[in-house]
Structures are given as C-alpha cells and as structure tokens.
Amino acid sequence: MLYNHIGIPMSRKLASLSAIAILMSGVAMADVPSVAVDIAPVHSLVARVMEGVGTPNLILPPGASPHEYSLRPSEATALQDADIVVWLGEDLTPWMEGALETLAAGASVMTLLEADETILLDFREGALFEAPKHRHDDHEEYAEDEHDEATETVAHDNQDHDDHGHEDHAEDEGHDPHESDAHDGHDHGAHDPHAWLSPANATAWLNLIAAELSSADPDNAGIYFANAAAARAEIEALSTEVTEILDPVRGESFVVFHDAYQYFETDFGFPASGAISLSDATDPSPARIAEIQRRVQAEGIACVLTEPQFNPGLVTTVLDGTETNTGVIDPLGVDLEPGPTLYPQLIRNMATTLAECL
C-alpha cells in the first residue's frame, strides 16, 4: 500500500476524490439545459457561449443538405430531450418544423431568422448580379442607409417578390415567367436564409443565445454572457483579419456555384458577379448555365467557386474554353470539427479560398 506525505493510503484518497468529483459534476450539470442546434455554424456559436458549462447537440451532420434530411434515432432523441432548440428557421430546414412540433413540443425554440436583431437579405433574381442588395432589419437608420444606396434599383417586398424581374428572365431564358429559373424549382420564403455567413448576424445572435441560456440556467448566466462577450471580440478581430485577406484582390470578379454568399459579400463589400445556380436544391437550367458562360467569357471572370457536395462537372462546363481559376468554398464547415472554433475557421477559410482563387 502506498501512502502520501500525511499518511493517507493513496487508494483511499483517489477513491474519495473520484466520489467528490462525481458528486460535484452531478450538481453542476443538474440545471444545465439540454440544447439542440440545427447546423454546424450555428452550433459553433452556441457551443462557444456554453463553453465550460455544457455542450449542445448538433442535429444536422456536416455535409448533409439542410433542405432535405431524415433524422437518425440519436438526432431525434436529442430533439426530444432538448430544453432549448436553436435553429435558423423553416426557410433553411423546412423538414425540421414538423420534427419540432412532434419531438420538441415542450422545448423553448429560438428561430434566428425571426429575431428582430437579425439582418435579412432578399433573394437575388437571375444568374447575374447587377443590383445593390436590399437589407431588412428593424434598425431604421441602417435601413435608410441601404435604401439610399439602392435608389437606382427597384426593391421588392414580400408581396411583389414573385413578380420581380420574372418577365425579363422569361424573355432571356425562353420559359414561362411563372416557372422562373430564379427559383430553380425550389420554394423559398421572402429572404435568403444563409444569414449565418454574416459575422454581424453572428455577433448579434451570441447575446440572444446567452440570454436564452441564462433564462433556463440563471446560475451560469455570468459564464454565458462572459463567453458571448469574448466571442464578439473574437468575431470583431476575425472581421478585421478577413478584410486584410480580401483587400489585395478587391475589385476582382468571381462567380459562385449557388447563391448562398451574399451575407458574406455584403459584410465585407466584396460582391459576386453571379451564381451558376440560385438554389442548392436543384440543378440550374441549360439557359442559366449559358448565361453564366457568356459572363465568364465576356468579362474575364477571374474565379468560379464550387462547393464540396455539388457536381463539379457543371463548373467544368461553365469554364470550358476559359483560363478562369476554380476553388472549393464551404458555407457549412463540412470538413471542420464541430465545436466552438468552427465558426471563425469557416469564415476565415471562405476568405482565404476566395483570395487564393482570385
């Protein structure tokens, strides 16, 4: 038997410490809410706020399509056991609404796209992006600034969205205006749901997440808000870093595979020239591909960006006969480890990929 310097048998001491640790762990975790989050980038923000207290459950695994997904038993259980569910909203994951009603009826649900603090952008129409983007939020001074910048464009609202620009596109692409290629067969709401690609939105959400967690777990409120404050400072530094990455290639033109990046483009003042596909739910029409081909060839587009989960053959078709560079950009963090560091890695990787491609 080994003894320590005060004569207590080591085996007894270790057993006692283990018992105390287990007891303390049970007390500490007793009131920590069970949290489920839809996609990896938002899960990363929640994990950062919960760091040191608990770990949220990720519902949608990296690489899976947000638009269509069948829950695995473990993911259904995570929703069923959740005290809090954090998701973007049905515009991104329409299948999840039914799952929330069925499995998480007793949970508190945070729908980030519906939060007053969230800056929203309208869907862009057409393969080529010409008009300034029109932002929607509840901050009147910000909205006024954006309206001033868009005085030469016609901004559409929720009521006239379905009519906006369809006639012109129908003439350009040779199909019925009611079957506009702008929608690519994918029904969507009034606004682009890829709002997590705006660091400004991520910064606003951190406080909302901390407040929701603190309401359910007031004993750890100080940790949640301290983590949120630290994460906001990290994202501010990240935004400065991304600006520095992009500045050397600012003014160069690029095309993306599908129109998911306008939040990133708007935050950093780096607009794309077009998208091969408006939606990631369906393939683009031949007319749309031809339109992008003409833009790439006529204007000397420097870079066309594809994504890990989509058919690279479409990009090859678009680039046929050109010397345009290509790169793979990832809006969901497919190859990143889920957790607190995924979000800043995701935004940094997007900027680096774009800069290297240009």
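In this text the structure is predicted, and so the values were computed from the model without any measurement. (Residues numbered from 1 in each chain as written. Predicted model: local features only at pLDDT ≥ 70, side-chain atom pairs only at ≥ 80, totals over all residues. Heavy atoms only, no water.)

## Observations regarding the sheet that holds strand E7 (residues 254-258)
With respect to topology, 4 strands assemble into an open sheet ordered E8-E7-E9-E10, the strand pairing being parallel. If you trace the sheet from one side to the other, it starts and ends with strand E8 (274-277) and strand E10 (325-328), each paired once. Strand-to-strand twist of the sheet, defined as the mean angle between neighbouring strand axes without regard to direction, takes the value 25°. Sheet analysis places E7 next to E8, joined by 3 bridges and oriented parallel. Counterpart to Val256 in the pairing with E8 is Ala275. Each of E7, E8, strand E9 (303-306) and E10 is contacted by helix H11 (residues 312-319), which is oriented at about 165° to E9, the strand it contacts most. (Pairing = 2+ DSSP bridges. Helix = DSSP H or I, 4+ residues; strand = E, 2+ residues; numbered from the N terminus. Axes fitted to C-alpha atoms, helices over the stretch in contact; angles between N-to-C directions. Contact = heavy atoms within 4.5 Å.)

## With respect to the state of the cysteines
In protein structure, a disulfide is the covalent linkage between the sulfur atoms of two cysteines. Scanning the model with the defined rule gives 1 disulfide in all. Two residues share a disulfide in this structure: Cys303 and Cys357, whose sulfurs sit 2.0 Å from each other. Linking Cys303 and Cys357, the disulfide has an S-S dihedral of approximately 105° and is accordingly described as right-handed. Here Cys303, found in strand E9, pairs with Cys357, found in helix H12 (residues 342-357); they are 54 residues apart in sequence, far enough to count as distant. What makes Cys303 buried here is its relative accessible area of 0%. On the accessibility criterion, Cys357 (4% relative accessible area) is buried. (Disulfide = S-S within 2.5 Å. Buried < 20%, exposed > 50% of the residue type's maximum accessible area, 1.4 Å probe, protein only.)

## Some words on helix H4 (residues 94-103)
Turning to H4, its buried residues are Trp95, Met96, Ala99 and Leu100. Taken end-on, H4 shows its buried residues confined to a sector of 135°, consistent with a single buried face. Seen from the open side of H4, the exposed residues pointing more than 90 degrees away from its buried face are Glu101 and Thr102. In this structure, the buried side of H4 is in contact with helix H3 (73-80), strand E3 (84-87) and strand E4 (108-111). (Arc of directions from axis to C-beta.)

## So, the environment of Asp91
Following the sequence through the fold, Asp91 ends up in the loop between E3 and H4. Judged by its relative accessible area of 29%, Asp91 falls in the partly exposed class. A sequence separation of 22 residues divides Asp91 from Leu113, and the C-alpha atoms of the two residues are 8.6 Å apart.

## A closer look at the nonpolar core
One finds Val42, Trp196 and Phe264 to be the most contacted residues of the largest nonpolar core, which totals 80 residues. When residues of this core are assigned to their parent elements, the largest contribution, 9 residues, is made by H12. Those residues in contact with Phe264 that sit more than four places away from it in its chain are Leu197, Val242, Leu246, Ile347, Met350, Ala351 and Leu354. (Core = buried A, V, L, I, M, F, W, Y, C linked by side-chain atoms within 4.5 Å.)

## Observations concerning the side chain of Thr324
Summarising the element assignment, Thr324 is placed in the loop between H11 and E10. Of note is the side chain of Thr324, whose polar atom sits 3.0 Å from the backbone oxygen of Ile301. Leaving out residues up to four positions away in the same chain, Thr324 has contacts with Val296, Ile301, Ala302, Cys303, Val304 and Leu319. (Polar contact = N/O pair within 3.5 Å; in protein donor to acceptor, adjacent residues only side chain to side chain.)

## A word on the packing of helix H2 (residues 40-50) against helix H8 (residues 221-246)
When two helices pack together, their arrangement is captured by the angle between the axes and the distance separating the axes. Packing of H2 against H8 leaves a shortest axis separation of 7 Å and a crossing angle of 125°. The angle between H2 and H8 falls in the class oblique. Where H2 abuts H8, its residues Leu45, Arg48, Val49 and Met50 lie against Ile223, Tyr224, Asn227, Ala228, Ala230, Ala231, Glu234 and Ile235. Tallied by class, residues from the contact of H2 with H8 come to 9 nonpolar, 1 polar and 2 charged. (Parallel < 35°, antiparallel > 145°, perpendicular 65-115°, else oblique. Nonpolar A, V, L, I, M, F, W, Y, C, P; charged D, E, K, R; others polar.)

## What to know about the confidence of the model for the protein chain
Detailed conclusions should not be drawn from predicted coordinates in areas where pLDDT is low. When pLDDT is averaged across the protein chain, the result is 79; 73% of the residues are at 70 or more. Counting interchain partners and residues more than four positions distant, the pLDDT-below-50 stretch residues 1-28 has 11 contacts. Counted against residues more than four places away or in other chains, residues 131-187, with its pLDDT under 50, gives 86 contacts. (pLDDT = per-residue confidence, 0-100.)

## Some points on the pattern of salt bridges
By the definition in use, this model includes 8 salt bridges. Here Arg295 ties to Glu299 by a salt bridge, and the two come within 2.9 Å at their closest N and O atoms. Of this pair, Arg295 and Glu299 both sit in helix H10 (residues 286-299), 4 residues apart, roughly one helical turn. Taking relative accessible area as the criterion, Glu299 reaches 48% and is therefore assigned partly exposed. (Salt bridge = Lys/Arg side-chain N within 4 Å of Asp/Glu carboxyl O.)

## Topic: H8
The end-to-end C-alpha separation of H8 is 37 Å, in line with the 38 Å expected for 26 residues at 1.5 Å each. If you check which residues of H8 are buried, you get Ala221, Tyr224, Asn227, Ala228, Ala231, Ile235, Leu238, Val242 and Leu246. (Expected span 1.5 Å × (residues − 1).)

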